[in-house]
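Residue strings, one per chain:
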Amino acid sequence: GEDVEQSLFLSVREGDSSVINCTYTDSSSTYLYWYKQEPGAGLQLLTYIFSNMDMKQDQRLTVLLNKKDKHLSLRIADTQTGDSAIYFCAETFGYSGNTPLVFGKGTRLSVIA
Amino acid sequence: DGGITQSPKYLFRKEGQNVTLSCEQNLNHDAMYWYRQDPGQGLRLIYYSQIVNDFQKGDIAEGYSVSREKKESFPLTVTSAQKNPTAFYLCASSTVGGRPNTGELFFGEGSRLTVL
């Protein structure tokens, strides 16, 4: 079955870049996502990438997808204290939104001022 | 504003009592979902529904029940059969159909249930 793995913790200094990594097992994923969760709140979509893309950039965020290694990463440039949160990698299958997303366990990013 | 509303945000119950968590959306989304979040466990799918009057079990449905009588509403009941009900519960919704559909989920702010 499908599985999504992430490391649980990451600590960076303010102003540095953060790189959060994710691996997945099912090569038939169609979309892969990064969600952000602040303390005591729901999840918010940060960005997503279609499986036929290698890279997507959106302001400070860069997503890299290596389909051969089934590896997804999220790079946050110039990390700020407001970026401290839990980041979830997720995947889905198909093209019609019929399949529930599968989430990793989340990476807790701590930004040190 | 369109969104998903969960209530209550915090709930305390005694062991053995059933509890119902509310989830309402005004996004006109067809699909709704319930996830459970425990520290270090990520999000685990409890139940989901893609159409009114129909729903499917997720990975951890035992001890939970749902109904989908209206498109806008998807309440979750945590029954006394759920052995470890203390957790953070998240409701989400999404569109179904149309191509391409990115499958993006929109989440509520969550309900934290503590069983004493």
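Residues numbered from 1 in each chain as written. Chains lettered and ligands numbered in written order. Predicted model: local features only at pLDDT ≥ 70, side-chain atom pairs only at ≥ 80, totals over all residues. Heavy atoms only, no water.

Comments concerning the nonpolar core
All names here are of chain A.
Part 1 of the argument: In this structure, Trp34, Leu72, Leu74 and Tyr87 are the most contacted members of the largest nonpolar core, which totals 21 residues.
Part 2 of the argument: Residue assignment for this core shows that the elements contributing at least two residues are strand E3 (18-24), strand E4 (29-37), strand E7 (61-66), strand E8 (71-76), strand E9 (85-93) and strand E11 (107-112).
Part 3 of the argument: Ranked by the residues each element gives to this core, the list is headed by E9, at four residues. (Core = buried A, V, L, I, M, F, W, Y, C linked by side-chain atoms within 4.5 Å. Buried < 20%, exposed > 50% of the residue type's maximum accessible area, 1.4 Å probe, protein only. Helix = DSSP H or I, 4+ residues; strand = E, 2+ residues; numbered from the N terminus.)

Overview of the interface of chain A and chain B
Part 1 of the argument: Each partner contributes residues to the interface: chain A has 22 residues there, and chain B has 27 residues.
Part 2 of the argument: Around 2000 Å² of area is buried between chain A and chain B when both sides are counted, 55% of it from carbon and sulfur atoms.
Part 3 of the argument: Put simply, chain A and chain B have zero salt bridges between them.
Part 4 of the argument: Only E4, strand E5 (43-50) and E9 of chain A provide two or more residues apiece to the side of chain A that touches chain B.
Part 5 of the argument: Broken down by element, the side of chain A that touches chain B gets its largest block of residues, four residues, from E4(A).
Part 6 of the argument: Within the side of chain A that touches chain B, the residues separate by chemical class into 12 nonpolar, nine polar and one charged. (Contact = heavy atoms within 4.5 Å. Buried area = accessible area lost by both parts, 1.4 Å probe. Salt bridge = Lys/Arg side-chain N within 4 Å of Asp/Glu carboxyl O. Nonpolar A, V, L, I, M, F, W, Y, C, P; charged D, E, K, R; others polar.)

Examining a nonpolar patch on the surface
Part 1 of the argument: A surface patch of nonpolar side chains, amounting to about 400 Å² of accessible area, comprises Tyr10(B), Phe12(B) and Leu116(B).
Part 2 of the argument: Within the secondary structure layout, Phe12(B) lies in strand E2 (residues 10-13). (Patch = residues over 30% accessible without salt bridge, like charges linked within 9 Å, V, L, I, M, F, W, Y side chains within 5 Å. Areas by Shrake-Rupley, 256 points an atom, 1.4 Å probe, with all protein chains shown as cover.)

Comments concerning the pattern of salt bridges
Part 1 of the argument: Inspection of the entire model under this criterion finds seven salt bridges over all chains.
Part 2 of the argument: Two residues, Arg60(A) and Asp83(A), come together in a salt bridge whose shortest N-O distance is 2.9 Å. Highlighted residues: Arg60(A) in the loop between strand E6 (55-58) and E7 and Asp83(A) in the loop between E8 and E9, separated in sequence by 23 residues.
Part 3 of the argument: Judged by its relative accessible area of 33%, Arg60(A) is partly exposed.
Part 4 of the argument: Asp30(B) is the salt-bridge partner of Lys71(B), the closest N and O atoms lying 3.6 Å from each other. Note that Lys71(B) is positioned in the loop between strand E7 (64-66) and strand E8 (76-78) and Asp30(B) in the loop between strand E3 (19-25) and strand E4 (31-38), a separation of 41 residues in sequence.
Part 5 of the argument: Judged by its relative accessible area of 25%, Lys71(B) falls in the partly exposed class.
Part 6 of the argument: Overall, the relative accessible area of 28% leaves Asp30(B) in the partly exposed class.
Part 7 of the argument: Taken together, the shared-partner salt bridges in this structure form one network comprising Arg36(B), Asp38(B) and Arg44(B).

Description of the state of the cysteines
By definition, a disulfide is the covalent link that joins the sulfur atoms of two cysteine residues.
All names here are of chain A.
Part 1 of the argument: Considering all chains together, one arrives at two disulfides over all chains under this definition.
Part 2 of the argument: Each sulfur in the disulfide pair Cys22 and Cys89 lies 2.0 Å from the other. Across the disulfide from Cys22 to Cys89, rotation about the S-S bond amounts to roughly -65 degrees, and the bridge is consequently left-handed. One end of the pair, Cys22, is in strand E3; the other, Cys89, is in strand E9, with 67 residues separating them in the sequence. Comparing Cys22 with Cys89 shows no difference in burial state: the two are buried. (Disulfide = S-S within 2.5 Å.)

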